[in-house]
Amino acid sequence: MLTGEGLAARREEIAGAPELGRLLERLRGRARPVLEREPPFPEVKALLSTDGGVCPRDGAALIYDPWSPQAHRCPRCGEQQSGERHHRWWARFQHLWLAERAAHLAALAAFGDDDDAADRGRALLRRYGERYAGYPNRDNVLGPSRLFFSTYLESIWLTNLLAAAVLLREAGALDPETAQGVDTVADEAAALIGDFNEGFSNRQTWHDAALAAVAVWFEDEELLRGAVEGPTGLVAHAMQGFGPDGMWYEGENYHLFALRGLLVGLDWVRAAGFDPLEEAGLADRLQRALLAPALTALPDGTFPARKDSRFGMSLAQPMYLELWERGRAAAFEGESPLGDWLAALYGLPAPPAETFDSYLHEAGEPPPDRRGRADLSWWMLLAMPALGPGAADRWRPGSVLLDSQGLAVLRTGGRYASLECGAYGGGHGHPDRLHLSLHEAGVHWLPDPGTGSYVARDLFWYRSTLAHNAPRLDGVSQAPGDAVCEHFDVADGWSWVQGSFGPLCRTIVAGPAYLVDIVELSSDTDRLLEVPWHVAGAMALRSPGQWEPAMLEDEFTRDAERFLPAAGGPIELEARAPGARLAVALAGPGELLRAVGPGVPGEAAASFLLRRARGDVLRLVSVVSTADPAPRLRIDEGYVEVITPAGGDRHRAVAGGWEVEGPGGTVRLGGRRPAAATMVERILTVPRSLRQHGVAVRVARPPALDGTLDGFDLSYPLSLDHEDQYRRSEEPYAGAEVFGATAYANWDDDTLYLAVEVTKPEVVLRPADAPPLLLDNEPDDIHSDGLQLYVRAQPEAATCGAVVVPAQGGTGVHARPVQGPGDELVVAGSWSATETGYRLTVALRPAGWGEQVAGDRVRFDLLVNEMRSGRERRAGQLVWSGGGGWVWLRGDRQGPDQLGELELV
């Protein structure tokens, strides 16, 4: 943001720069609808649900229209939908859009001397000043929030709202009454945001930016210093969230989101009179962060949908264009590679503007044929350099390895291939280590699907190994972990990368006419190796043979078949897309399956291939090519031969690398990579707390289990009554007299018995036959008073878990296994109301129970959920093993390393 003196200087710059002048005029035109009529103002808090904003007929996302609060059109079937859930979905974007409009109007008032824009901007500020405190801070999904359901949305909204206030103030167009309303909003919102520090997270960059904006508004130096220089401030995020190679640890999608938050935050810091980028290390890291997504971009101008990314997203979106427009002015002096990169993006056909939380400036507008600098937002009027883009034909990225990210990109002509090694990726990571992507001849043949909706069931598909072109073992998704890039090299028209993940190794060799892919397993025991191939286009086999029904156990797949080849040798097939063809040859042991599963997000179901083999030492070889005629593949002991019209190329591993012997000579590829600690390990590792300890008493006969304590030995109570045992949502722990619990654990040879007395003024239960909440992918019964129980009877056994809810109108209990891997925990028992709350008495029969003796210790945990009347989501939970923190996003999961232990006496 700019001071009054800065505004005057920028006015002169705009007057002397035709492109900036055109942007100002374009902003005037785009503001006209808001000036002509008052935009709809949502009186409700936004809601995240599975059905809000989704067409019930075909599942498509409804179109957000800022001028239509009640009727929402489906882009696929054309029908309009209405109702409270859709309206509260609309409110999410409308609050954000209105804050953007306030800043847009304030920029016109500051740079265009537009009194009408100033009037409308002040009106929006006053309205939020009057109503903000009336929105409820409850039922949130991720962090405290009044207008939304997550803190990061409040932060985005606040940066725009305060930008409007500061611009109007510095332009002399902010009256005291409106300023007082802004004071109220800024103070309330800052308290919410400051209460929820997310550590190193893409969202925390926006929290920091919002707190920096509040600091500028109130001229609070201490608050500003914390937002910039604190342990998780803007500087720390720039230097640690973005790795030495410049890429954000959660992948391109969150890289771009975090980068915008960082740049917005840095602009607020500059408004306070100093520039952190004067530090050479920070400036260098920002330069790398700006270049990283350009170096990994696909040939069609989209970013690879790694981890929880949106699929097929164009980097020519105006929100992304603004990153490089602002970034090259902030981090580079004079010319930079970003100018040529921007020219290449502006040269692409303009993609329709997507709906982003942090960019809604084009909502309701049709896209232009080509998007230019005059089509950007008010922020660029303040910050975009007068210097125009460079030359698109100079932007020619080559093969590259992003070391800390572990992503290798092999570019040969128009072909783009990549291998994903490196870190799992934190909370947004996928079990897709050694995933292969391929884009060639204008077709994304082997895509990474990214993720669709976080609240749709198919989230679990996209977060599985089977959804990726990545190897898995023994029929289950990869366990979270990091892969290692062992080799990367480029020489004489060839490039290669080799990565490893546990007992798996994958080698990709890219040449002028084809790509070789080798997946190897080296194990001490027989394992089932499977390698999915999600190939775009219509697939057809060229090898003779037939298909027969087969089994593939997965919730999301159907119509599995096995190929029975009529002859030996490699299996050849091809995929066809408009104007392009991909030939594939597969060699190695095992069998080839095909099945139907979800397509990439937003598209219909699609067939995919699955290579499957069993053994301790396995090698699966593939060759892919768009050349015509297709290369032929031959496997011999010690080498792989690929035959093309130019002759045969012999590939083999050699000491320290790879060798290709062909008609033109021999090419040696090396590039051994040094081992290094991953960035995510450095960021996310936290010290473990001491393990909670309790005692379970052996009993001669089972307790009554009738909702009373009859038959229980009460010698060793387990207490849940401390603040550090409470996971809160919006409100802090009120104390054991308001919400607390005491439990008693007993055992015998067959069963673990548990009695839990809960202190709670009002028992709020969810009926077993209640309609689904449709809030997200978490189980509904966590939003009720009740228990979550976890037991691991043997050190080598899986954790058993169950959610147990008292039956409304009866004395029984409803028990359901927790989601995710693990054995079922069998639960039976009763409950009863007490004068101070309720009591549950249950028998637990975990897998592996029955071999225990006195003195043994079993892993155990007890969680007590807290529900309150008038809420949609639980208010918090008590956790016997302790640790405190926040309840959001935990569902019914409790990590095995968090469990306490019970000593059997």
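Described below are features of the structure shown in this document.

What counts and what doesn't
Residues numbered from 1 in each chain as written. Predicted model: local features only at pLDDT ≥ 70, side-chain atom pairs only at ≥ 80, totals over all residues. Heavy atoms only, no water. Helix = DSSP H or I, 4+ residues; strand = E, 2+ residues; numbered from the N terminus. Rg over C-alpha atoms; globule rule 2.2 N^0.38 Å. Buried < 20%, exposed > 50% of the residue type's maximum accessible area, 1.4 Å probe, protein only. Contact = heavy atoms within 4.5 Å. Pairing = 2+ DSSP bridges. Phe/Tyr/Trp six-rings, centres within 6.5 Å; stacked < 30°, edge-to-face > 60°. Axes fitted to C-alpha atoms, helices over the stretch in contact; angles between N-to-C directions. Salt bridge = Lys/Arg side-chain N within 4 Å of Asp/Glu carboxyl O. Parallel < 35°, antiparallel > 145°, perpendicular 65-115°, else oblique. Left-handed = near helix turned anticlockwise from the far one by under 90°. Nonpolar A, V, L, I, M, F, W, Y, C, P; charged D, E, K, R; others polar. Disulfide = S-S within 2.5 Å. Core = buried A, V, L, I, M, F, W, Y, C linked by side-chain atoms within 4.5 Å.

As for the overall build of the chain
Tallying secondary structure elements over the chain gives 16 helices and 37 strands in all. Taken over the C-alpha trace, the chain has a radius of gyration of 30 Å; the compact-globule value for 905 residues is 29 Å, and the two agree within 12%. Summarising its shape, the C-alpha atoms of the chain cover approximately 85 × 85 × 55 Å along the three principal directions. Per-residue burial over the chain gives 58% buried out of 905 residues. Long-range pairs, those at least 24 residues apart, make up 66% of the contacts in the chain between residues at least 6 apart in sequence.

Comments concerning the pairing of strand β37 (residues 900-904)
With respect to burial, β37 is a largely interior element, four of its five residues being buried. Across four bridges, strand β25 (residues 693-698) lies against β37 in parallel orientation. Counterpart to histidine 693 in the pairing with β37 is glutamate 901. With four bridges joining them, strand β35 (residues 857-866) and β37 adopt antiparallel strand pairing.

Quick word on the packing of aromatic side chains
Applying the stated criterion across every chain yields a total of 26 aromatic pairs. Considering the side-chain rings of tyrosine 64 and phenylalanine 93, the 5.5 Å spacing of their centres and the 45 degrees angle between planes classify their relative orientation as tilted. Note that tyrosine 64 is positioned in the loop between α2 (18-36) and β1 (72-73) and phenylalanine 93 in helix α3 (residues 84-112), a separation of 29 residues in sequence. Taken together, the ring pairs connect Phe41, Tyr128, Tyr132 and Trp157 into an aromatic cluster.

Brief notes about the sheet that holds strand β4 (residues 407-412)
Pairing in this open sheet of five strands is antiparallel, and the strands run β3-β4-β5-β6-β7 from one edge to the other. Whereas interior strands pair on both sides, the edge strands pair on one side only; in this sheet they are β3 (400-402) and β7 (443-446). Within this sheet the neighbouring strands show an average axis-to-axis angle of 15 degrees, counted without direction. Relative to strand β6 (residues 435-440), strand β5 (residues 415-420) runs antiparallel, the two being bridged by five bridges. By the bridge assignment, leucine 419 is partnered in β6 with leucine 436. Strand contacts of helix α11 (residues 280-296): β3, β4 and β5, with the helix running at about 50 degrees to β4, the strand carrying the most contacts.

Considering the sheet that holds strand β24 (residues 665-669)
Across a sheet, paired strands are connected by hydrogen bonds in the backbone, their directions being either parallel or antiparallel. If you walk across this open sheet you meet the five strands as β20-β21-β22-β23-β24, and the pairing is antiparallel. Each edge of the sheet is formed by a strand with only one pairing partner; in this case those strands are β20 (632-636) and β24. Averaged over neighbouring strand pairs, the angle between their axes works out to 20 degrees when direction is ignored. Bridge analysis of strand β23 (residues 657-662) against β24 gives five bridges, and the strand direction is antiparallel. Bridge pairing in β24 links glutamate 661 to threonine 666.

A short note on the pattern of salt bridges
What the rule picks out here adds up to 75 salt bridges. Here arginine 619 makes a salt bridge to glutamate 520, at a shortest N to O gap of 3.6 Å. Of this pair, arginine 619 sits in strand β19 (residues 606-625) while glutamate 520 sits in strand β12 (residues 515-533), and the two are 99 residues apart along the sequence. The exposure class assigned to arginine 619 is partly exposed, which follows from its relative accessible area of 27%. Residues glutamate 778 and arginine 893 are paired through a salt bridge, measuring 3.0 Å at the closest nitrogen-oxygen approach. With glutamate 778 in the loop between β29 (752-759) and β30 (786-792) and arginine 893 in the loop between β36 (876-879) and β37, the pair connects residues that are 115 residues apart, well separated along the chain. Judged by its relative accessible area of 17%, glutamate 778 is buried.

Here's the deal with the packing of helix α12 (residues 318-331) against helix α13 (residues 337-346)
With their axes 10 Å apart at the nearest point, α12 and α13 run at an angle of 155 degrees to one another. It follows that α12 is roughly antiparallel to α13 by the angle criterion. Between α12 and α13 lies a crossing whose hand is left-handed. Residues Leu321, Trp324, Glu325, Gly327 and Arg328 of α12 lie in contact with α13, whose contacting residues are Leu338, Gly339, Trp341, Leu342, Leu345 and Tyr346. Each residue belonging to the contact of α12 with α13 can be placed in one class, and the counts come to seven nonpolar, two polar and two charged.

Examining the state of the cysteines
Enumeration according to the criterion identifies zero disulfides in this entry. No disulfide involves cysteine 421; its sulfur sits 4.8 Å from the nearest other cysteine sulfur, which is in cysteine 485.

Describing the nonpolar core
By size, the foremost hydrophobic cluster in this structure holds 136 residues, and its most contacted members are Trp157, Tyr320 and Trp324. When residues in this core are grouped by element, the largest group, 16 residues, is from α3. If sequence neighbours within four positions are ignored, tryptophan 157 has contacts with His95, Leu96, Ala99, Tyr128, Tyr132, Leu147, Phe148 and Val185. Among the nonpolar cores identified, the runner-up in size contains 43 residues, and Leu473, Phe488, Val535 and Ile571 belong to it.

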